[in-house]
Amino acid sequence: MFNYSAPALSLKGKVILVTGAGDGIGRSAALAYAQLGATVILLGRNLDKLNAVYDQIEALNAPQAAIFPLNLETASEQSYIELTDIIDQEFGVLDGLLHNAALLGMRTPIENYDPITWEQVMKVNASAPFHLTQSLLPLLHRSKNASIIFTSSSVGKIGKAYWGAYSVSKFAIQGMMEILADELENTSNIRSNCINPGATRTAMRAAAYPGEQPENNPTPEEIMPAYLYLMSDDSLDINGQTINAQQK
């Protein structure tokens, strides 16, 4: 795993938004950030799951989290404006943004790919991170040191058969991260990086590899060091990079 041990309360005072915070890697990241003192904004489409994570954060005696239910597949420009306005009113700043939410779509040849599913995957995986980032950048600019983390994939670097829209969306994410990092490098205190989580014990991984033994993969909690590192001030000099959460 990525070698990093976060100091206690190293995220104290930071306000961090996590998408797809209801389960899997997003849930683990939200809990990990909260445990280190951050105020976490939980964004996801399932209110019951978000409430469960909220309750877990409360049980940690961590700073009170905030919940913003939003389905990125149907989100409008107005949705992002409303989210930004609420964060501005409640906190006045945003210190971290973890783009974690994603759809797998279909594992099938391009020739057979359903166009409606293609559009759904591209909207959630590529368009939503663009709209969300663009809308929230004014609040990120107010932070002393802000971190944007995108979620990449090995199939977003080398295209592989049958990965369709998911792979294409991850190529887009990689490019978006690099462009943003280059644009912000000398004009702000915002850094932009990617994390490739690798094979992790999540529902998406199980759907992509139904014949795989889940216990052979690490849990979301086990890959958190990379997520903590890029969100902490220990990574202030890291910009435009992709980190493998399971690097040796």
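First, a word on scope: everything that follows refers to the structure included in this document. (Residues numbered from 1 in each chain as written. Predicted model: local features only at pLDDT ≥ 70, side-chain atom pairs only at ≥ 80, totals over all residues. Heavy atoms only, no water.)

**Some words on the overall build of the protein chain**
Put simply, the rule reads: Only runs of H or I of at least four residues qualify as helices and only runs of E of at least two qualify as strands under DSSP, and these elements are numbered from the N terminus. As a reference, a globule follows 2.2 Å times the number of residues to the power 0.38, and the radius of gyration itself is taken over C-alpha atoms. Only protein chains enter the accessibility calculation, which uses a 1.4 Å probe; a residue is then buried when its area is under 20% of its type maximum, exposed when over 50%, and partly exposed in between. Contacts are residue-level and defined by heavy atoms, with any inter-residue pair within 4.5 Å sufficient. Areas reported as accessible are Shrake-Rupley estimates using a 1.4 Å probe. Residue values count occlusion only from the protein chains shown. Residues counted as positive are Lys and Arg, residues counted as negative are Asp and Glu, and His and the chain ends are not counted. Here the site of a charge means NZ on Lys, CZ on Arg, CG on Asp, or CD on Glu.
The helix and strand inventory of the protein chain stands at seven helices and seven strands. Along the chain direction, N to C, the helices and strands of the protein chain fall in the order β-α-β-α-β-α-β-α-β-α-β-α-α-β. Relative to the globule expectation of 18 Å for 248 residues, the C-alpha radius of gyration of the protein chain, 17 Å, shows essentially globular dimensions. Taking the principal axes of its C-alpha atoms as reference, the protein chain extends roughly 50 × 40 × 40 Å. Buried residues in the protein chain amount to 52% of all 248 residues. The long-range fraction of contacts in the protein chain, counting pairs at least 24 apart against all pairs at least 6 apart in sequence, stands at 72%. Accessible surface, the protein chain: about 11,400 Å² in total, of which carbon and sulfur atoms supply 50%. Computed over 16 positive and 25 negative side-chain charges, the inter-centroid distance for the protein chain is 6 Å.

**Some details on the environment of Val-40**
Its place among the elements puts Val-40 in strand 2 (residues 39–44). Each C-alpha atom, one on Val-40 and one on Ile-57, is 9.1 Å from the other, the two residues being 17 residues apart in sequence. If sequence neighbours within four positions are ignored, Val-40 has contacts with Ile-16, Val-18, Ala-30, Tyr-33, Ala-34, Ala-65 and Ala-66.

**Thoughts on empty space enclosed by the protein**
Regions of empty space are outlined by a rolling probe, equal in size to a water molecule, passed over the atoms. Rules: Points on a 1 Å grid over protein atoms alone make up a cavity when a 1.4 Å probe fits among them but cannot get out, and a pocket when they form an open set with protein on both sides within 12 Å along at least five of seven lines; lining residues each have an atom within 4 Å of a point. Grid points are joined across faces, edges and corners, and a volume is the space filled by probe spheres set on the points. All amino acids are sorted into three groups, where Ala, Val, Leu, Ile, Met, Phe, Trp, Tyr, Cys and Pro are nonpolar, Asp, Glu, Lys and Arg are charged, and the leftover types, Gly among them, are polar.
Inspection of every chain in the model, using the stated rule, returns one cavity of 30 Å³ or more. Taken as a whole, the largest cavity spans an internal volume of roughly 80 Å³. Lining the largest cavity are 13 residues, and of these His-99, Asn-100, Ala-101, Asn-125 and Pro-129 sit closest to its centre. Of all elements in the fold, only helix 4 (115–141), strand 5 (146–151) and helix 5 (164–184) reach the threshold of two or more residues within the lining of the largest cavity. For the lining of the largest cavity, the element with the highest residue contribution is helix 4, accounting for four residues. Taken together, the residues of the lining of the largest cavity break down into seven nonpolar, five polar and one charged.

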